[in-house]
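Structural characterization, general
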Amino acid sequence: MNTGIPGIYPLSRRQFLSLAAILSAEAGLAGCDSSTRNSADAAALAAFWALRLPVVEPVSAGGKVALAAFRGRPLLVNFWATWCPPCVAELPLLNRFYAERGARDWQCLGLAVEDKPEPVARFLARAPVTYPVALAGLAGVQLSQTLGNADGGLPFTALFDANGRITHRKIGQLQLSDLKTWLG
C-alpha cells in the first residue's frame, strides 16, 4: 500500500504512520512546557529511528535502509537536494569527513529531499559519494523540521551521538569549521 503523494515519493504504510506520528507530536507542542516538549522530542526521535528509506547510493544497493541500523555509533545526517547549490557545494566536504572519520566509527547518511530516485541516481553517477544516500522525498522537509529545522531550509545537517541524540545541527551550507567545532 502506498500512501505517499502521487508522482512524488510513495511512502509505505509504516513510513507514513511514523511520519504522521512525528508531525502530530510537533503540531501539538505550541505553548507546551519543557517537560512536555522533551517527551515529544523523544517521541519524534524514536519515530525518526524507526523509518526505513529507499537507498539510492551505492547505486547498486536498491532496497531500503533502516535508520535504526545507524544507532550505536555517531552519525552525521545531511538533508540535501540535487537542485540546491549550497547542498551540492558541501558534498565534497561530507565525503572527506566520511572518508577520514569512517574508520574511527563515524557514520554519514545523505537524505535526498524533494527529489525522485532517477535524478538523484543520475546526479550521484556524475558526482559520487562514498557514504550511503537514501530518498526522503517531500516527506524529508517535515522530517528535517522534527529534527530542529523549523523553516525546512536546505541544506540541513544534524549530528547524532552514539545513543541517537542530536548534539549539533545547522541550517545552511556546512563548513569545515563547523565540523571542527562539533567534533572538538
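So, a few notes on the structure that sits alongside this text. Quick caveat: nothing in here was measured; it's all calculated off a predicted structure.

Turning to the state of the cysteines, a few remarks are in order. Within the structure shown, the criterion is met by one disulfide. Shown here is the disulfide that connects Cys84 with Cys87, its sulfur atoms set 2.4 Å apart. Across the S-S bond of Cys84 and Cys87 the torsion is about 75°, and the bridge reads as right-handed. By relative accessible area, Cys84 is classed as buried at 5%.

Turning our eyes to something else, we now look at the nonpolar core. In this structure, Leu76, Trp80, Val120 and Leu124 are the most contacted members of the largest nonpolar core, which totals 24 residues. Contributions of two or more residues to this core are made by β3 (75–80), α3 (85–101), β4 (107–113), α4 (117–126), β5 (133–137) and α6 (176–183). The element contributing the most residues to this core is α3, with five residues. Setting aside its immediate chain neighbours within four residues, Leu76 contacts Leu94, Phe97, Gln107, Cys108, Leu109, Thr157, Ala158, Leu159, Leu174 and Leu179. Of all hydrophobic cores here, the second largest spans 23 residues; its members include Trp49, Val55, Phe79 and Ala134.

Now for the pattern of salt bridges. Counted according to the given criterion, the structure contains three salt bridges. One salt bridge in this structure joins Asp105 and Arg73, with 3.9 Å as the shortest N-O distance. Pair noted here: Asp105 is in the loop between α3 and β4 and Arg73 is in the loop between β2 (64–66) and β3, with a separation of 32 residues, a long-range link. Among the residues examined, Asp105 registers a relative accessible area of 43% and is labelled partly exposed. Between Asp178 and Lys170 there is a salt bridge, with its nearest N and O atoms 2.6 Å apart.

Following both chains from N to C, one finds α3 and α6 inclined at 35°, their axes separated by 10 Å at the closest point. Pair α3 / α6 crosses with right-handed handedness. For the pair α3 and α6, contact is made by Leu93, Phe97 and Arg101 and by Leu176, Leu179 and Leu183, respectively. A class-by-class count of the residues in the contact of α3 with α6 yields five nonpolar, no polar and one charged.

Take the environment of Ile166 next. If you trace the backbone, Ile166 turns up in strand β7 (residues 166–171). For the pair Ile166 and Pro74, spaced 92 residues apart in sequence, the C-alpha to C-alpha distance is 9.7 Å. For Ile166, the residues in contact, after removing those within four places along its chain, are Leu45, Leu147, Leu159 and Phe160.

A few words on the packing of aromatic side chains. Scanning the model with the defined rule gives seven aromatic pairs in all. Summarising the aromatic geometry, the rings of Phe48 and Trp49 are spaced 5.1 Å apart at their centres and angled 75° between planes, so their arrangement reads as edge-to-face. Residue Phe48 is classed as buried on the basis of its relative accessible area, which comes to 0%. Consider the rings of Trp80 and Phe123, whose centres lie 5.5 Å apart with planes at 45°: the pair is tilted. Pair noted here: Trp80 is in strand β3 and Phe123 is in helix α4, with a separation of 43 residues, a long-range link. Note on accessibility: Trp80 and Phe123 belong to one class, buried. Feature note: the residues Phe48, Trp49 and Phe160 constitute an aromatic cluster, connected by ring pairs.

What counts, and at which threshold
- Residues numbered from 1 in each chain as written.
- Predicted model: local features only at pLDDT ≥ 70, side-chain atom pairs only at ≥ 80, totals over all residues.
- Heavy atoms only, no water.
- Disulfide = S-S within 2.5 Å.
- Buried < 20%, exposed > 50% of the residue type's maximum accessible area, 1.4 Å probe, protein only.
- Core = buried A, V, L, I, M, F, W, Y, C linked by side-chain atoms within 4.5 Å.
- Helix = DSSP H or I, 4+ residues; strand = E, 2+ residues; numbered from the N terminus.
- Contact = heavy atoms within 4.5 Å.
- Salt bridge = Lys/Arg side-chain N within 4 Å of Asp/Glu carboxyl O.
- Axes fitted to C-alpha atoms, helices over the stretch in contact; angles between N-to-C directions.
- Left-handed = near helix turned anticlockwise from the far one by under 90°.
- Nonpolar A, V, L, I, M, F, W, Y, C, P; charged D, E, K, R; others polar.
- Phe/Tyr/Trp six-rings, centres within 6.5 Å; stacked < 30°, edge-to-face > 60°.

Geometric descriptors of this kind do not, in isolation, establish any biological role.
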